[in-house]
Amino acid sequence: STNTSNDSDRTLIDSNTYEHTLPGRVDSVDSQDDPFSWNRQNSLAATMKEWDIPFNDLHVGEAIGKGRIGTVYKGLWHGDVAIKLLDTGGSTDNEAQLAAFKLELAILRKTRHENLVLFMGACMTPPRLAIVTSFCKGQTLYTMIHLNKTTIKINKAITVASQIAQGMSYLHARSIIHKDLRTKNIFVDCGKVIITDFGLFHVTKLCRGTKKDNWLSVPKGWLCYLAPEIIRSLKAMQQSQTDLPFTKMSDLYAFGTVWYELLCNDWPFRSQPCETVIWQVGRGIKQSLSTVTAPREVKEILMSCWTFRAADRPDFAQITKALGRIPQTRLIRSPSHPCQLSRATDA
Ligand code: ADP
Ligand code: MG
């Protein structure tokens, strides 16, 4: 059964049907049987110092918006920055969670790619935990598509999707799973794509619980990015400590949804209730593309990302190649193709 709470941004699902708690399990950082554990901890502590920004060094400006794990502020720290202040609700005394947060940041600081937001540092002294990144100008794809209803022409959609695929391919090559790829986390500024919020899903553990009694809280617009195996684990999950099984392949599924939004200016399964979406996706039923007029190659990419069996989804290198094949085939040879998606005009 479903119930819509006062908070109109969330739908609550009876946990008797779908037991799930956000966020997932945090692995113990201090592994007992790892002989190098002590060294690793020490060197971690040393490198983290380099990235530790004293909170008072930051000039915190206006709040830009609130997400699942805290509030983002525009700030100044040697130029414009975005400061994500975590909403910890005083739960930071949990040493293991704090250690997991630091470990997650240690991974983020190693990312260098032009389509990924620049991680600049973090405030790691409880109760003030904050992540400092470069400030993204431009708009998110979400704002462009769903709020401003901007029609994105196929050539621009391909360029944007290729940049997302390249950023994602880089993350995956470094064994970083995004876990939260969606149009709200993708900025476009003068045609350049910047992906944000990768690998931060565990951070939710440090933040105020989103679980309300026996209900599963599903943030609006989150469900359609979840791969069948994740959806099915929402259902099977009995213990609140079990993590959701995010993988590179679940990132691919989420990319498929982003690709759909780019092409159709809409969500898959639009205006269908949560349980209906969960039921369909869990059984391998996809959003129908029968009303979408697009070249075969465009739809093939979509369907391959949404493949039910995770192992059968392509990787981002294959996506990049497939995207590159679209213009040469249909767009250039058939400029008179009647549908808007296949017009060979520039955005
Ligand atoms: P969500 O991703 O669900 O929108 P976030 O907490 O990530 O939630 O972001 C809150 C707000 O801050 C959003 O409006 C988002 O666009 C904005 N934001 C997040 N990161 C940045 C950034 N690096 N630069 C500029 N704006 C950002
Ligand atoms: Mg975000």
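Presented here is a report on the structure given in the accompanying data block.

Calculation rules
Residues numbered from 1 in each chain as written. Chains lettered and ligands numbered in written order. Predicted model: local features only at pLDDT ≥ 70, side-chain atom pairs only at ≥ 80, totals over all residues. Heavy atoms only, no water. Salt bridge = Lys/Arg side-chain N within 4 Å of Asp/Glu carboxyl O. Buried < 20%, exposed > 50% of the residue type's maximum accessible area, 1.4 Å probe, protein only. Helix = DSSP H or I, 4+ residues; strand = E, 2+ residues; numbered from the N terminus. Polar contact = N/O pair within 3.5 Å; in protein donor to acceptor, adjacent residues only side chain to side chain. Contact = heavy atoms within 4.5 Å. Donors = N, O, S within 2.8 Å, 3.2 Å for Na, K, Ca; no water. Near = heavy atom within 4 Å. Areas by Shrake-Rupley, 256 points an atom, 1.4 Å probe, with all protein chains shown as cover. Nonpolar A, V, L, I, M, F, W, Y, C, P; charged D, E, K, R; others polar.

1. What to know about the pattern of salt bridges
All told, the structure shown has 7 salt bridges when counted by the stated rule. Put simply, Arg-182 and Asp-180 hold a salt bridge, and the shortest N to O gap is 2.9 Å. Accessibility assignment for this pair places Arg-182 and Asp-180 in one class, buried. Here Arg-270 makes a salt bridge to Asp-266, at a shortest N to O gap of 2.6 Å.

2. Overview of the side chain of Lys-84
Here Lys-84 shows up in strand β5 (residues 80–86). The class of Lys-84 is buried, set by a relative accessible area of 14%. A distance of 2.9 Å separates polar atoms of two side chains, one belonging to Lys-84 and the other to Asp-197. Setting aside residues up to four positions removed in sequence, Lys-84 forms contacts with Ile-69, Thr-71, Val-72, Leu-129, Ala-130, Ile-131 and Asp-197.

3. Focus: the side chain of Thr-307
Among the structural elements, Thr-307 can be located in the loop between α8 (296–305) and α9 (316–333). What Thr-307 contacts, discounting residues up to four positions off in sequence, is Lys-286, Asp-312 and Arg-313.

4. A word on the coordination of the magnesium ion (ligand 2)
Ideal values differ by geometry: the angle at a metal is 109.5 degrees with four tetrahedral donors, but 90 or 180 degrees with six octahedral donors. Around the magnesium ion (ligand 2), the protein contributes the donor atoms Asn-185 (OD1) and Asp-197 (OD), which lie 1.9 to 2.0 Å from the metal centre. Placement of Asn-185 in the loop between α4 (154–173) and β9 (186–189) and of Asp-197 in the loop between β10 (192–195) and β11 (215–219) is noted, with a sequence separation of 12 residues between them. Like Asn-185, the residue Asp-197 is buried in the burial classification.

5. Brief notes about the site of ligand 1
Not every one of the 16 residues close to ligand 1 is listed here, only the nearest: Lys-84, Cys-136, Arg-182, Asn-185 and Asp-197. Ser-134 has a polar backbone atom sitting 3.2 Å from a nitrogen atom of ligand 1. The fraction of the free accessible surface of ligand 1 (540 Å²) that becomes covered by protein chains is 86%. Mapped by element, the contributors of at least two residues to the shell around ligand 1 are β3 (59–66), β5 and β7 (128–134). Classifying every residue of the shell around ligand 1 gives 6 nonpolar, 6 polar and 4 charged.

Keep in mind these values describe shape, not function.
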